[in-house]
Structure formats: structure tokens, C-alpha cells
Amino acid sequence: MNIGANKGLWVMGMMATIVVVILAMSWASMTRGIETHSRLLSHTSKISNTIAMLGASARMGAATGDAYHAHRYFVLVEDLDRQLTTALDLFCDTSMVALRDAIKQRSAAVMATSDEARAEMAKGNTSKALKLLDAPRTRDLRDDHIAAIGTVLYAIHEQSSGKLRNQRLNVLLKGLMLLLIIALTFSQILRRKAVEADLRYADAKLTTLRAAMGSAMDMQNNLLNNMIYFRTKAEMGRHLDANDIAMIDREIDASKAKMAELCAIENVQTRDIGGITILEPSGTAQKTGMAFI
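Within each chain, residues carry numbers counting from 1 in the order of the written sequence. At least 70 in pLDDT is required for a residue's local features to be given in this predicted model, at least 80 for side-chain atom pairs to be given and counted, and no such filter applies to totals for whole chains, interfaces and linings, which use all residues. Remark: hydrogens and water are excluded; side-chain values derive from all non-hydrogen atoms of the structure.

### Observations concerning the nonpolar core
Soluble globular proteins tend to pack their nonpolar side chains together in the buried interior.
Logical step 1: To define a nonpolar core, start from buried Ala, Val, Leu, Ile, Met, Phe, Trp, Tyr and Cys residues and group those joined through side-chain atoms within 4.5 Å. Each residue is assigned to one of three classes by its accessible area relative to the maximum for its type, calculated with a 1.4 Å probe on protein chains only: buried under 20%, partly exposed between the two thresholds, exposed over 50%. Judged by nonpolar contacts, the single largest core of 29 residues is most densely connected at Ile47, Tyr73, Phe74, Ile103, Leu133, Ile149 and Ile156.
Logical step 2: Secondary structure elements follow DSSP: runs of H or I of four or more residues count as helices, runs of E of two or more count as strands, with numbering from the N terminus. Elements represented by at least two residues in this core include exactly α1 (2–64), α2 (67–89), α3 (97–122), α4 (126–133) and α5 (136–235).
Logical step 3: Of the residues forming this core, the biggest block, nine residues, is contributed by α2.
Logical step 4: When checking whether two residues touch, look at their non-hydrogen atoms; a contact exists if any pair is within 4.5 Å. Non-local contacts of Phe74, meaning those with residues more than four positions away in its chain, are made with Ser114, Ala117, Arg118, Met121 and Leu133.
Logical step 5: If you look at the next biggest cluster of nonpolar residues, it comprises eight residues, including Ala16, Leu164, Val171 and Leu178.

In C-alpha cells:
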């Protein structure tokens, strides 16, 4: 029983260790996923702000003719391309290749328009450069680019959110599995303790039973040994006198008293008398046996 129980606990311990290791790995993966998703949200917010400022700079430049808005537009175009690249680099999935290529094509078209306006600025044609940045064709290219960015960001967000949900579910399942193993191990330990308690109780009952049988044999032997004296006296033709009869009664009463005390014993104590274990009563019952035998 102990061997089987120990083996069961060992198996439970190994399973718990494996699940803890897997849970730790899943937790680390989920933590990285949360950090990646947080960075994606941060980059998305920056990209949205840059897109809004990009269109505003083009409109303000065309309306005011201020070269500042043109320079600001050039900086925002470069920032947008850099921010978008950083966001896309968070996910290197093959399913994103086509979307990344579409973004690059539209980004190249917007950058080409920006470079054309920059060249006009270098020539001193500020008004022409500002009008070019807000021309219908430029607005269409910019809107097309923004739509492509929105499509890619939406796909990335969906992918990141789905992956994060799966990671959280994986951690939850591993945690539940660990709790189940702990519960089964605890149940196994309680069951083992209960079985051991039952075995100890059964062993104590068996010991008490053996001691009770030994005590009964001891009392019987003492009484029979004392009766040999009276049998020997009778065989010799001698009559039993009143003292003998009183002695017989005393031996019988002493045996009865000892038997009653043994039956009422509460705290079981035993002692060995030459290979026989008997109960050791705590009372003062008269011992059997004749002084002269």
C-alpha cells in the first residue's frame, strides 16, 4: 500500500512540476504578448496623430502660403513612414507580406510627391510646392495611403488581440490543470493518511485482542494450576476442609474480579510474561495464585 501510494504521489509531483514549468512558459509568453500589444496601441496612436497633422499641414500650407507648413509636412511624412515600419516590425507573419508590400507602394507614391514639393521649395517656388502638397492628386494618394494603413493596422490588431486571447486562455487552462493536480494530490494524501490511520487502528485492535486472549489464558492457567493442589489432595484420599473450600472460592472470586477489570480497561497497556503478551490493568484486583505453590 505504501509503495503504491508513494508512487502515486511521485507521479502527481512530477505532473505538477511539468505543469508549473509549462504554466511559467505560458505566462512569460502572455506577458510578452501584452507588452507587444501595448506597444502596438502606442504606435497606432502616434500614427493616427501623425496622419491627422499631415493633412492639416497640407491644408494650412495651401491656405496661408507659409513655408513652415511645407517643412512640417516633409518631417511628418518621414515620421509616418518610420512609425509605420516600427509597428509592422512587431509582427513578421507571412500573412502580412502582401499588406506590407501594398503599404510600401503607397508610401513610395506619397514620398515621391513630397520629394517633388521639396525640390520646388529648393528652387524657391514655395507657393507651387504648397499647392502641390494639397493638390487633388496628392490628396487622393494620401487618402489611399491612409486607407491602406488602416487596413494593415486593423489586421495587425485583430491578429494581436486573437493571439493574446489564446495566450490568456492557455494560462487559464494550465492554471486550472495545476489546481486540479494539487487537489488530486491533496486528496491522495488525505486518503493515504486515512488508510494509515485505519491500519494503525486495526493493528491496535489486533494487539489488544491478542493481549486479551493472552490474559484469559494466563488467568485460566493460574486457576488450573491452583486446582492441581486440590486434585492432588483429593487423589491422596485427603478431605477438603473449610480452609480449602474458602481458598477455592477466593481463587474463583479473584479470577472473576480480574476478568471484570480487564473488560472495563480503558487505557490499554501490555506486558510480556515469557513470550505471552497480556493486558496490564491499572486497578487493584487480587492476583490469582496460591502462596504455597
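Still more to cover.
### Let's talk about the packing of aromatic side chains
Logical step 1: Aromatic pairing here means that ring centres of Phe, Tyr or Trp (its six-membered ring) are within 6.5 Å. Orientation follows from the plane angle: under 30 degrees is stacked, over 60 is edge-to-face, and everything else is tilted. Tallied over the entire structure, the rule returns one aromatic pair.
Logical step 2: Taking the centre distance of 6.5 Å and the plane angle of 80° together, the rings of Tyr73 and Phe74 count as edge-to-face. Summarising the burial analysis for this pair, Tyr73 and Phe74 share the class buried.

### Some thoughts on α2
Logical step 1: A helix is expected to span 1.5 Å for every residue after the first. Compared with the 33 Å implied by 1.5 Å per residue over 23 residues, the 34 Å span of α2 between its first and last C-alpha is a close match.
Logical step 2: For α2, every residue scored as buried is listed here: His69, Ala70, Tyr73, Phe74, Leu76, Val77, Leu80, Gln83, Leu84, Ala87 and Leu88.

### Some words on the side chain of Gln167
Logical step 1: Structurally, the position occupied by Gln167 is in helix α5.
Logical step 2: Sequence-distant contacts of Gln167, that is, excluding residues within four places in its chain, are made with Ser29, Met30 and Gly33.

### Digging into the confidence of the model for the protein
Logical step 1: pLDDT is a per-residue confidence score from the predictor, ranging from 0 to 100. Residues at a pLDDT of 70 or more form 86% of the protein, whose mean pLDDT is 80.
Logical step 2: Here strand β2 (residues 277–279) stands out as the element of the protein with the lowest mean pLDDT, 69, in contrast to α2, whose mean of 89 is the highest.
Logical step 3: The model gives residues 284–293 a pLDDT under 50, and that stretch makes 24 contacts with residues more than four places away or in other chains.

### Some details on the packing of α2 against α5
Logical step 1: Helix axes are fitted only over the stretch in contact, all axes being lines through C-alpha atoms; the angle between N-to-C directions runs from 0 to 180 degrees. Following both chains from N to C, one finds α2 and α5 inclined at 25°, their axes separated by 12 Å at the closest point. Overall, the two elements α2 and α5 adopt an arrangement that is roughly parallel. When the axes of α2 and α5 are compared, the crossing they make is left-handed. Every residue of α5 that contacts α2 at Tyr73, Leu80, Leu84, Ala87 and Leu88 is listed here: Thr138, Arg142, His145, Ile149, Val152 and Ile156.
Logical step 2: Across the contact of α2 with α5, the residue classes tally to eight nonpolar, two polar and one charged. Each angle is binned into one of four classes, with values under 35 degrees roughly parallel, values over 145 roughly antiparallel, values of 65 to 115 roughly perpendicular, and all other values oblique. Helix crossings fall into two classes, left-handed where the near helix is turned counterclockwise from the far one by less than a right angle and right-handed where it is turned clockwise. Each residue is assigned to one of three groups, with Ala, Val, Leu, Ile, Met, Phe, Trp, Tyr, Cys and Pro labelled nonpolar, Asp, Glu, Lys and Arg labelled charged, and all others, Gly among them, labelled polar.

### Some points on the pattern of salt bridges
Logical step 1: A side-chain nitrogen of Lys or Arg and a carboxyl oxygen of Asp or Glu constitute a salt bridge if their distance falls within 4 Å. Summed over all chains, the structure comprises six salt bridges.
Logical step 2: Lys128 serves as the salt-bridge partner of Glu120, at 3.8 Å between the closest nitrogen and oxygen.
Logical step 3: Under the relative-accessibility criterion, Glu120 is labelled buried at 11%.
Logical step 4: Residue Lys128 is classed as exposed on the basis of its relative accessible area, which comes to 52%.

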